[in-house]
Amino acid sequence: MPRFGAIISGTGSYVPEKRLTNQDLEKLVETSNDWIVQRTGIRERRIAASEQATSDLAIEAARRAIESARIKPDDIDLIIAATLTPDMSTPSTACILQSALGIKRHIGAFDINAACSGFVYSLSTASQFIVNGIYKHVLVVGAETLSRIVDYTDRGTCILFGDGAGAVILSACDDPERGLQAFELGADGAGGPLLNVPAGGSRMAITPEVLARHDHCLKMSGREVYKFAVTQMTHSLQQAMQACSLTSEHVRLVVPHQVNQRIIDSATGKMGFPAEKVYINIDRYGNTSGASVPIALDEAMRSGRCGAGDWIIMVAFGAGLTWASATVRL
Ligand code: UT7
């Protein structure tokens, strides 16, 4: 039995001002607003300003989460940042955040890359430090500037992705029956080539040829990923419910990764969730990868779609291929 509950004591999110609408994309690639809305549910996404890096979005979300948890930056014991678009390969985005938040204690800080599942992976990791009584408050952030790795000549991907950041403070409480009660983490590395950024790491250096082929950008086999996403999100949602003996009646809200409206509808529908029990903001932000679940969670909490005592399930799927779910009693 855990000695402490790992509760979500504060949330925050931030999205950049600039909007990229479907109509804007119609001018860049051969697509249409109708096609994008029908196939994905997306109407617009946010794009970071040229001077904004991932940590700049993350810091805003983190500040809001800290304020909502009513703690001070120096109360934080650990920072975990989920991102596949860090400011640079090193230092980590979490270390940049530690400094930007003005935290004077030399607390631990590290990034996790599990793509769109990264935030749920990070939350589950953070909870281990809390339930075992090691730390009291962990800042968990999901932040992305996907616009920096999206190929705006590829209509199969550029319609999907946007920028943003979300954050939570995970805190210790005396009641182990509150907070994060179960999680499932999964990966199938054999599916990696279905969704990847081929160049820019140690495998493929950036050369003029690579740039000309746009191999430094996100590549995706959309149809294959789609099928896998429906199967795995359904499976992970089922695991999350079974782990706590929950039916869809017990659960107040599912907070899914905003991957594609049709994938979300299919997975949640199979598990018996009506639309009003599923939080959706994909129409406004598109798919923001690691930022998508914490942005949705922050909006859901602030708008009263879920609150103290409610069961919620977060579920995500992404590159790796990875998937994850977390069952939480708020
Ligand atoms: O965060 C996790 C990672 N991402 C995902 O999980 C994304 C998963 N995949 C998807 O969401 C969908 O596969 C897409 C939205 C990317 C594509 O939707 P789809 O319903 O799977 O379309 P499709 O790839 O099967 O293409 C259907 C048709 C094709 O034309 P033909 O061959 O039938 O003539 C495509 O060329 O639609 C065409 N098409 C487009 N048409 C207008 C593909 N992209 C576009 C576009 N606008 N943007």
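Located above this text is the structure these notes cover.
Residues numbered from 1 in each chain as written. Predicted model: local features only at pLDDT ≥ 70, side-chain atom pairs only at ≥ 80, totals over all residues. Heavy atoms only, no water.

A. Summary view of the pairing of strand β6 (residues 137-145). Counting buried positions along β6 yields nine of nine residues, so the element is predominantly enclosed. Every second residue of β6 is oriented toward a common face, with His137, Leu139, Val141, Ala143 and Thr145 on one face and Val138, Val140, Gly142 and Glu144 on the other, all of them buried. Of the pairings in the sheet, the one linking strand β4 (residues 78-82) to β6 comprises five bridges and is parallel in character. Each residue of the ladder has a partner; that of isoleucine 79, found in β6, is leucine 139. Taken together, the nine bridges between β6 and strand β7 (residues 163-173) define a ladder with antiparallel strand orientation. Within β7, the position partnered with valine 140 by the bridge is valine 168. (Buried < 20%, exposed > 50% of the residue type's maximum accessible area, 1.4 Å probe, protein only. Helix = DSSP H or I, 4+ residues; strand = E, 2+ residues; numbered from the N terminus. Pairing = 2+ DSSP bridges.)

B. View of the side chain of asparagine 287. Relative to the elements of secondary structure, asparagine 287 occurs in the loop between α9 (282-285) and α10 (292-302). With a relative accessible area of 4%, asparagine 287 lands in the buried category. At 3.4 Å, the side chain of asparagine 287 forms a polar contact with the side chain of histidine 257. The contacts of asparagine 287, once residues within four sequence positions are left out, are Ile42, Cys116, Leu146, Leu160, Phe161, Gly162, His257, Gln258 and Val259. (Polar contact = N/O pair within 3.5 Å; in protein donor to acceptor, adjacent residues only side chain to side chain. Contact = heavy atoms within 4.5 Å.)

C. Region of the structure containing the site of the ligand. Taken together, 22 residues form the shell around the ligand, and within it Thr31, Arg39, Arg223, Asn260 and Asn287 come nearest. Between arginine 223 and the ligand, the recorded distance is 2.6 Å, taken from a side-chain N or O atom to an oxygen atom. For the ligand, the protein covers 76% of the area, taking 950 Å² as the surface of the free molecule. Listing elements by their share of the shell around the ligand, those giving two or more residues are α2 (33-40), α7 (222-243) and α8 (261-270). With four residues, the top contributor of residues to the shell around the ligand is α7. Counted by class, the shell around the ligand contains 10 nonpolar, seven polar and five charged residues. (Near = heavy atom within 4 Å. Areas by Shrake-Rupley, 256 points an atom, 1.4 Å probe, with all protein chains shown as cover. Nonpolar A, V, L, I, M, F, W, Y, C, P; charged D, E, K, R; others polar.)

D. A look at the nonpolar core. Residues Met233, Leu237, Phe273 and Phe317 are the most contacted members of the largest nonpolar core, which totals 43 residues. Listing elements by their share of this core, those giving two or more residues are α7, β11 (251-256), α8 and β12 (311-318). For this core, the element with the highest residue contribution is α7, accounting for seven residues. When residues are assigned to domains, this core turns out to be shared by domain 1 (5-179) and domain 2 (180-329), each giving three or more. In contact with leucine 237, not counting residues within four places along its chain, are Val254, Ala267, Thr268, Met271, Phe273, Ile313 and Val315. Grouped together as the second largest cluster of nonpolar side chains are 33 residues, Ala126, Val131, Val140 and Val328 included. (Core = buried A, V, L, I, M, F, W, Y, C linked by side-chain atoms within 4.5 Å. Domains from an automatic or database assignment.)

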